[in-house]
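# Survey of secondary and tertiary structure
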Amino acid sequence: MNIVVFVKRIPDTESKIRINHETGTIIEEGLNFVLNPYDEFAVEEALRLREAGGGKVTVLSVGGEESLVILKKCLAMGADEAFLLKDNTPETYDGLRMAKIIVRALEKKFSDYNLLFFGKQSVGADNAQVPSMVAEFLGLPQVNVVTKLEIEGTKGTAHREIEGALEKVSFSLPAVISAQKGLNEPRYETLKGIMMAKKKEIPMLTFEDLELNEEDIAPLLEVTKMESPPPRQAGKVIQEEPEAAAKKMVEYLHNEAKVI
Amino acid sequence: MILVFVEVRDGKVKKSSLEALSEGKRRADDLKQEANAVLVGHNLESLATEVLPYGASKVYVVENSLLSNYSAAGFAQALFSLVGEIKPEVILFSASSMGKDLAPRLAAKLGVSLASDCTRTIVKDGKLEVLRPIFAGKAFVTLSFKSSPIMATLRPNVFPLIDPGEKKGEVVKKEVVIPEDKIKAPVLEILREEGAEIDVTEAEIVVSGGRGMKGPENFDLLRDLTSLLPHSAVGASRSAVDAGWIDHQHQVGQTGKTVSPNLYVAFGISGAIQHLAGMSSSKFIVAVNKDPEASIFKVADFGVVGDLFQVIPHLKEELKKLASE
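Right, let's walk through the structure included here. Here the structure is a predicted model, which means the values were calculated and not measured. Sequence order as written defines the numbering, with residues in each chain counted from 1. As they are written, the chains are lettered A onward and the ligands numbered 1 onward, keeping that order. Whole-chain, interface and lining totals are the exception, using all residues; otherwise, since this is a predicted model, local features are given only for residues with pLDDT of at least 70 and side-chain atom pairs are given and counted only at 80 or more. Based on all heavy atoms of the structure, the side-chain values leave hydrogens and waters out of the count.

### Here's the deal with the overall build of chain B
So the rule is basically this: Secondary structure follows DSSP: runs of H or I at least 4 residues long count as helices, runs of E at least 2 residues long count as strands, and numbering of each begins at the N terminus. Radius of gyration means the value over C-alpha atoms here, while the globule rule gives 2.2 Å times the residue count to the 0.38 power. For the exposure calls, accessible area comes from a 1.4 Å probe over protein chains only, and a residue counts as buried if that area is under 20% of its type's maximum, exposed if over 50%, partly exposed in between.
Scanning chain B from terminus to terminus reveals nine helices and 18 strands. For 325 residues, the compact-globule estimate of 2.2 N^0.38 gives 20 Å, and the C-alpha radius of gyration of chain B, at 21 Å, lies within 12% of that figure. For chain B, the spread of C-alpha atoms along the principal axes amounts to about 60 × 45 × 40 Å. When each of the 325 residues of chain B is scored for burial, the buried share is 62%.

### Here's the deal with the interface of chain A and chain B
The criterion, for reference: Contact definition: two residues touch when any of their heavy atoms are within 4.5 Å. The term buried area means the drop in 1.4 Å probe accessible area that two parts suffer when joined, counted for both and summed. For salt bridges, the criterion is a side-chain nitrogen of Lys or Arg within 4 Å of an Asp or Glu carboxyl oxygen. Side-chain atoms alone can form a polar contact between residues adjacent in sequence; in general such a contact is a pair of N or O atoms within 3.5 Å, and within protein one must be able to donate a hydrogen while the other accepts it. Following the grouping adopted for this structure description, the nonpolar residues are Ala, Val, Leu, Ile, Met, Phe, Trp, Tyr, Cys and Pro, the charged ones are Asp, Glu, Lys and Arg, and the polar ones are all others, Gly among them. Pairing between strands is defined by DSSP: at least two bridges between the two strands are required.
With 82 residues of chain A in contact, the opposing surface of chain B contributes 92 residues. When the buried area of chain A at its contact with chain B is split by residue, Glu163(A), Arg232(A) and Met249(A) rank highest and sum to 11% of it. One can count ten salt bridges joining chain A with chain B. Lys257(B) is the partner of Glu161(A) in a salt bridge, and the nearest nitrogen-oxygen pair spans 3.7 Å. On inspection of chain A and its partner chain B, the count reaches 50 residue pairs in polar contact (both at pLDDT 80 or more). Looking at the side of chain A that touches chain B, the elements that each hand over two or more residues are helix H1 (37-53), helix H4 (130-138), strand S9 (142-152), strand S10 (155-162), strand S11 (165-172), strand S14 (221-227), strand S15 (236-238) and helix H6 (242-256) of chain A. In terms of residue count, H6(A) provides more of the side of chain A that touches chain B than any other element does, eleven residues in total. Across the side of chain A that touches chain B, the residue classes tally to 41 nonpolar, 21 polar and 20 charged. Pairing geometry for S11(A) and strand S13 (residues 187-192) of chain B, over five bridges, is antiparallel. If you follow Val169(A) over to S13(B), its bridge partner there is Val187(B).

### Looking at the packing of aromatic side chains
Residue and element names in this part refer to chain A. We apply this condition: Classification of ring pairs uses Phe, Tyr and Trp, with its six-membered ring standing for Trp, and accepts pairs whose centres are within 6.5 Å; under 30 degrees between planes counts as stacked, over 60 as edge-to-face, and the remaining range as tilted.
Across all of its chains, the model carries six aromatic pairs over all chains by this definition. Ring plane angle 50° and centroid distance 6.5 Å describe the contact between Tyr38 and Phe41, whose orientation is recorded as tilted. Of this pair, Tyr38 and Phe41 both sit in helix H1, separated by three residues, roughly a single helical turn. The two residues Tyr38 and Phe41 agree in class, both being buried.

### Regarding helix H3 (residues 95-109) of chain A
All names here are of chain A. Condition: Expected span of a helix, by definition, is 1.5 Å for each gap between consecutive residues, and there is one gap fewer than residues.
Look at H3: 21 Å from first C-alpha to last across 15 residues, which is about the 21 Å you get at 1.5 Å a residue. Within H3 the residues assigned to the buried category are Gly95, Leu96, Arg97, Ala99, Ile101, Ile102, Val103, Ala105 and Leu106. The N-cap of H3, judged by a side-chain oxygen 3.1 Å from the amide nitrogen of Leu96 a few residues on, is Asp94.

### Structural notes on the sheet that holds strand S13 (residues 204-205) of chain A
The criterion, for reference: Lines are fitted to the C-alpha atoms to define the axes, a helix being fitted only along its stretch in contact, and any angle between axes, read from their N-to-C directions, falls within 0 to 180 degrees.
Overall, mixed pairing links the ten strands, which are arranged S13(A)-S7(A)-S6(A)-S1(A)-S8(A)-S12(A)-S9(A)-S10(A)-S11(A)-S13(B) in an open sheet. The sheet terminates laterally at S13 of chain A together with S13 of chain B, the two strands that pair on one side only. Pairing of strand S6 (residues 56-63) of chain A with strand S7 (residues 81-86) of chain A involves six bridges; the strand directions are parallel. Pairing of Thr58(A) across the sheet is with Glu81(A), part of S7(A). Relative to the sheet, helix H4 (residues 97-110) of chain B contacts S9 and S10 of chain A, its axis offset from that of S10(A) by approximately 125°.

### Some thoughts on the nonpolar core
The line we're drawing: Definition used in this section: a nonpolar core is a set of buried Ala, Val, Leu, Ile, Met, Phe, Trp, Tyr and Cys residues joined via side-chain atoms within 4.5 Å.
Counting residues in each nonpolar core, the largest one holds 103 residues, and the members touching the most others are Val5(A), Leu116(A), Phe117(A), Leu149(A) and Phe171(A). Ranked by residues supplied to this core, first place goes to helix H3 (residues 72-86) of chain B with eight residues. For Phe117(A), the contacting residues outside a window of four places in its chain are Ile3(A), Val4(A), Val5(A), Phe6(A), Ala42(A), Glu45(A), Ala46(A), Leu49(A), Leu149(A) and Ile177(A). By size, the runner-up hydrophobic cluster in this structure holds 46 residues, among which are Tyr54(B), Ala56(B), Ala115(B) and Val141(B).

### Here's the deal with the pattern of salt bridges
Counted according to the given criterion, the structure contains 42 salt bridges over all chains. Across the pair Glu163(A) and Lys14(B) runs a salt bridge whose closest N-O atoms are separated by 3.8 Å. On the criterion of chain membership, the pair formed by Glu163(A) in the loop between S10 and S11 and Lys14(B) in the loop between strand S3 (12-13) and helix H1 (15-30) is interchain, its members lying in two chains. Grouping residues by exposure puts Glu163(A) and Lys14(B) together as buried. Residue Arg27(B) pairs with Glu23(B) through a salt bridge whose shortest N-O separation is 2.9 Å. Within this pair, Arg27(B) and its partner Glu23(B) are both found in helix H1, separated by four residues, close to a single helical turn. The same class applies to Arg27(B) as to Glu23(B), namely buried.

Shown next as structure tokens:
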């Protein structure tokens, strides 16, 4: 079972997001970058499938050299190999562009796969587009937002989260899967893993290696403005006996907010 | 023409799709175009008439027995055939779990880009632009489109429904031919928790608990409260979910769900930045917390400094009183 997992570097979720209004981009200075948490579930699931049935786990990230850190982490968790596809374009928020890049990378360099794993979305862009687009371009089944996965030979079943329920889905391999929280509990890197990862090289690929022209992957969405959300005003805070407080709260909700 | 995909779940038209259609109708009016809707599946004709009052000039019903169960690949194929025939300028979906799964597949088929989970649509110089949150609402981007048709998914619970008017439009049936091998990863069945709850993303009122709930059993207090509040759901902070007190389906925040209900009630939630990102677009926020310095009070419209275990029983009494008035 050969699995390719796509991972992305994101600012951790405790980050305050500041905007450079001149360039219309996020200010990266002072942010702590981590492996996208949903990608971590995807890596973990791939490692478990390999441990159960053999094969190879390949991890690929598209981005700048800063992304080497998260690839090292994936190697330390136990991935067999990791590659960086160099792309210094700032975030475009265009899932189609990324899907085209990934599809070309798969066709040119990683065509021997049984499963393609993603996180259900990258924290930040919050698009949740790339897995479905990659599946469509390659003519593969897709199962997104997966909380349970079972693979038997060339068949799989998965639970996919929907509003207040789960869909049970069956599919044949090769397939595209995107991971949701709840799929598994990702392992911590061991010291041995970290030492092994240090020794492993992370080959870097370029768009030239994939015969990709900039115009093939020009973004088709344009960010015309980036702004902070309107600040919320703090309201009334009361400190009273529980009975009086509850009464005032319900009065507020009924008479002023008019929401109940 | 603006085409809006209308989703059917459990034999019912989904409200968030009607919200998307309402918004589509408003922008279609600005652009002096028609808004049309499309339903995909099997035996849907009776539901199509329910959609007409929400601004659709035409409701297309794309049917095939192979589409009785949802599959992204099958539904995308069906929509692709219709889009090829009627050539809409704009295609909108609700950013529901189905919309988020299906829209990108169709976008790839059409070779166009997609804007996800938008919270506003704007007509500028005769063209549609959208506003969408990034970092779960810590920032917003305005996007314009360089590919056509324009495609976007719209966040549930954000766009108001238009007052249903007369059923002036027409229902247009389309049989599609779908080769069986185009149906990939079909849904076999839908597994629902006992006492099928409303999802936090769709609820009008979300009653959430955090670390201050102290244990899984105390979430029953919140479930009791939701039984007294219409269209409400139980939410939770990441620390409550990570402690195993409640399923992650309920998690609100940057690694959970982003919600914008009419009312968000936070019990024992301190207000970590990743939690605030997921709920600060709620229309009203009410918080109960022991700690007067808790960050949640900075975004709350109404805050109570106190012990939630003492406040909740009185709240239940007050809500019952209000209901009996």
